[in-house]
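Coordinates in review
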Amino acid sequence: ENCKPRVVVPAEGVGLRICRLLEADEARVGSKSIASFAKRTHETSYLGPKDEEVREQGHRFQGLHTSSNAAAASLAFLPTNSTSISMLAQLWLTSTPPPVGISDLPTESGGALPRAHFQAALWSPLRDRLDQLTDEIRRRQRAKYRIHHCFPLQGHQIVELKHHIMHLTELWYGSARGGNLSILYSWFVEAMEVLGVTAYEYNKLPIQPSPDGWAVVVDGAARKKALISRSGSDKSYVATGGVAQKQGRSAIDNTVLRNVFFPWEARDLLVGRLLRKYLSRLLSLRQRCILRRLAQHFQLDVLRLAQDSRTHNTLRSVLAATPKEEFEAMGLDPEDPLLQLLRRSGAEVAGFGQLDETMQRNVWEAAKTLLRETAPSLAKEPEDGNLDVFGRFINWSRDYPGEFFEHDKAQHVTVFIAGMFSRRIVVVKRSHMERMTLARYFPLSWKRQQPLWGSASTGKFQVRPGGVKEGSHVRANECPYAALHGMSLSAGGFADQRISDRKTVGYTLLMELQWIRDPQANIENWYITDIEKIIQEAWQLNPHGPVAHALPGEVFVSVGQNPKVGSSIRQTQHTQLAEGHWNKYPILKVEAARVFAAKDSPFASAAGVKVELLNDVLGPQTMLEIVDICPEASDPDNTGLMLRCRCPDIPPGLVRFLTQLRLRLLERLGGPEAIDFLVLCMSDQEGSFVVIFAPTPQLMQLQEGHADLVPWANPLTGESSEVAGIEESRLDFGKGVGHFLVLKDELRTQLLDKGEDTLRRIWAFNRVPGARQVIEEFIVQQNILET
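Residues numbered from 1 in each chain as written. Predicted model: local features only at pLDDT ≥ 70, side-chain atom pairs only at ≥ 80, totals over all residues. Heavy atoms only, no water.

1. Some remarks on the pairing of strand S16 (residues 623-629)
Successive side chains on a regular strand alternate, one facing one side of the sheet and the next facing the other. Note the threshold: Burial here depends on accessible area, computed with a 1.4 Å probe over protein chains only, as a share of the maximum for the residue type. Under 20% is buried, over 50% is exposed, and the range in between is partly exposed. Secondary structure elements follow DSSP: runs of H or I no shorter than four residues count as helices, runs of E no shorter than two count as strands, and numbering proceeds from the N terminus. Two strands qualify as a pair provided that DSSP identifies no fewer than 2 bridges between them.
Burial analysis of S16 places six of its seven residues in the buried class, the great majority of the element. In terms of strand pairing, strand S14 (residues 594-598) meets S16 through four bridges, oriented antiparallel. Looking across to S16, one finds that Phe596 is bridged to Leu624. Where S16 lies against strand S17 (residues 640-647), seven bridges are found, and the strand directions are antiparallel. For Leu624, the partnering residue across the bridge sits in S17 and is Cys645.

Shown next, in the form of structure tokens:
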């Protein structure tokens, strides 16, 4: 009944149903403002001052309602030429998405028209806007902006862009299937690569696929060399006045930098920034004096050449052709650093970032000297180095972001407020700190359906309860080993309206203070496989339809969590993200040994074995497959195992089933010290999702040295990798699907010569004796089979 209004298509006379405007009281003001903007842009062929006012008014009403927020946010990303916005597009921006998406409208009923309008008026302008943002990053880099100033969007603007994309994709796929953030993810990771946040460009690494298509070899030596060249970048950045990016429990615990500082740290951070600008301006004036003397001598307007980016090469050529004697004749020192900088760049100094590293260090040292000489007593660092309770609080905030001071909430609040009142603690706004953060991210929000359990020798324990709101911070992986490689971290314990149901503009006071809301959200990565987090993130980052319906620019994203043997970071929970889908990995499509499927499952017909029927407990159209993986003509008892689940969406019953199955396997097979899990989730490019659930052993390293170069053993079988005849024995997010980062020439040869056989042997090596029996018993006990 929400689809009664109709738009008549004149050519065919076919009525297209669309959803009516929201009538919620909280959305009326915003919807009317946006609707009036849409109406006027249709009636006029240009945007006048009044229209710009309405556009800004729309921004002010973002966040009043999910749909009105999406519509308001979208105004920032619309084309400026109103003639390119069709009436249908104006309605879509101010309407709730219909259950059936634009992509599913049949052509014979006039579906081609709304698809054309959507692409021309909404989706193409969005892609153009994303390209413009990438070009802006490059422009700022050419202009020598500091790296943290090169990204053009602030945190709240990234969220606005996210809401806009979610609204458009929900229009395309329909509210029944929901929207996704695939294009945002692909653009964001590529933008971080352009920005230089990643240590290198993945596509520039030597990459070789095996002839049989089962394995991909990425040159680990080239990656290692790139990492070495990048190793001192953070120290250099801090030495020239930048904010240290390393904090917290691990190397990746820095998406939200601390915002509490000692008074002298805050003085360096805030006043120091102004001093750097002032000193840079003095250098610019000194350089301008040099340019005027050059102009007088050459009878050439070199000042104009230095200020126009199109003529910088001309000025460099002029100065390169000028000998030292001629500079001395003009009364200039040929070794003057400012003259040397002018000869190298051909540009007048316009900011601190245009200075070379040596000059930046000198300017920052001069600024720090001025800060120390003029600092009041409270802003002077104590010489004895002894820390009071406020000092311990600040250090705790740096080492354990998102946790209460010494795990005591009352003490945390008391010290925090007392420190601000006494000026012993300086709080910098989160919005300001985000502009200094290199590890930018965009947030995802979801609600946990099932408790997250840990396991120990004393039994299971609850890590996170069901029913809580969770947040994920999606960022680029700084050391990528796959295409569009990113990671998703827990949003942590800070108050953040961006992961709640209520949408807000900008930042609330609690967000600016980085007030701790949920310290239990900071969990470890080892031994705690968060199946629901993996599935929820895959759902939000993948198109919800077949590849033929995917929008231009959308990509398919594989999500997984490394087991302990493949994870170098224990302290911070994180999932791995990369471009990928089920059809890309032959190992994941191995024929199943046993199949369980719902009556209405569209996948069961392709099974090569007898299908046992499931009831509706796991969800409609769900299929479970037990897959044995081993080399040809091997012992049936020496096989690796995976449970493959296929479903059109992510039903709660399946999440509950996999969560409980993980616990059962831990209880029966020795606990987390004995077994681990590889869990992946990805699209099948046909509108459904595939979840890979594989129990794996906790492998034992047999020799000291780099993990990629030494042999390993499976303690559950007593077999070593040397006996198995494999140069790599571990399974993780990459290796489990055939994507290998290779340091050994022997492994490279093995993969390129026999990709399929090698990958099957690795899976077989990681077998867990008794796992299949436990899984089959669990399926029977859960009453999910049709009786």
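Read on, since the account is not over.
2. A look at the sheet that holds strand S4 (residues 216-219)
For the record, the criterion: Here an axis means a line fitted to C-alpha atoms, over the contact stretch when the element is a helix, while the angle between two N-to-C directions is reported on a 0 to 180 degree scale.
Spatial strand order, S3-S4-S23: three strands in an open sheet with mixed pairing. The open sheet has two edge strands, strand S3 (207-209) and strand S23 (739-742), and neither has a second partner. Sheet twist, expressed as the mean angle between neighbouring strand axes with direction ignored, is 20 degrees. When S4 meets S23, the two strands line up parallel, connected through four bridges. Across the sheet, residue Val216 finds its bridge partner in S23, namely His739.

3. Some thoughts on unusual backbone geometry
Unlike most non-glycine residues, His407 shows phi in positive territory, near 60 degrees. Inspection of the secondary structure puts His407 in the loop between helix H16 (389-399) and helix H17 (409-422). Notably, Asn783 is not glycine yet its phi reads approximately 55 degrees, a positive angle. Given a relative accessible area of 57%, Asn783 falls into the exposed group.

4. Here's the deal with the sheet that holds strand S19 (residues 689-697)
Two strands in a sheet stick together by hydrogen bonds in their backbones, pointing the same way (parallel) or opposite ways (antiparallel). How we decide: We call two residues contacting when some pair of their heavy atoms lies within 4.5 Å.
Here 11 strands make up an open sheet; going across it, the order is S7-S10-S11-S13-S12-S18-S19-S17-S16-S14-S15 and the pairing mixed. The strands lining the two open edges of the sheet, one partner per strand, are strand S7 (442-447) and strand S15 (611-614). The mean angle between the axes of side-by-side strands here comes to 25 degrees, regardless of whether they run parallel or antiparallel. Sheet topology places strand S12 (residues 557-561) next to strand S13 (residues 574-579); four bridges connect them, and they run antiparallel. Bridge assignment links Gly560 to a residue of S13, and that residue is Gln576. Against the sheet, helix H25 (residues 771-781) touches S14, S16, S17 and S19, its axis set at about 165 degrees to S16.

5. Notes on a nonpolar patch on the surface
The cut-off we apply is this: The patches described consist of residues with a relative accessible area above 30% and no salt bridge, like charges being joined within 9 Å and nonpolar side chains (Val, Leu, Ile, Met, Phe, Trp, Tyr) within 5 Å. In this description, accessible areas are obtained by the Shrake-Rupley approach with a 1.4 Å probe, and a residue is regarded as covered only by the protein chains that are shown. Each salt bridge in this description consists of a side-chain nitrogen of Lys or Arg and a carboxyl oxygen of Asp or Glu lying within 4 Å of one another.
On the surface, a cluster of nonpolar side chains totalling about 290 Å² of accessible area is made up of Tyr278, Leu282 and Leu285. Among the secondary structure elements, Leu282 is positioned in helix H10 (residues 263-298).

6. Here's the deal with H17
Rules: Multiply 1.5 Å by the residue count of a helix minus one, and that product is the helix's expected span. Regarding the arc, it is the one traced by the directions from the helix axis to the C-beta atoms. The definition of a polar contact used here is a pair of N or O atoms within 3.5 Å, where within protein one atom must be able to donate a hydrogen and the other to accept one, and adjacent residues in sequence count solely through side-chain atom pairs.
An ideal rise of 1.5 Å per residue puts 20 Å on 14 residues; H17 measures up with 20 Å between its terminal C-alpha atoms. Turning to H17, its buried residues number three or more, namely His412, Val415, Phe416 and Gly419. All buried residues of H17 fall inside an arc of 100 degrees around its axis, so they share one side. The exposed set on the far side of H17, more than 90 degrees from its buried face, consists of Ala410, Thr414 and Phe421. In this structure, the buried residues of H17 make contact with strand S5 (260-261), H16, strand S6 (426-427) and helix H19 (509-513). Between the side-chain oxygen at the start of H17 and the backbone nitrogen of Ala410 there is a gap of 3.1 Å, and the oxygen is on Asp408.

In short, geometric facts, not functional conclusions.
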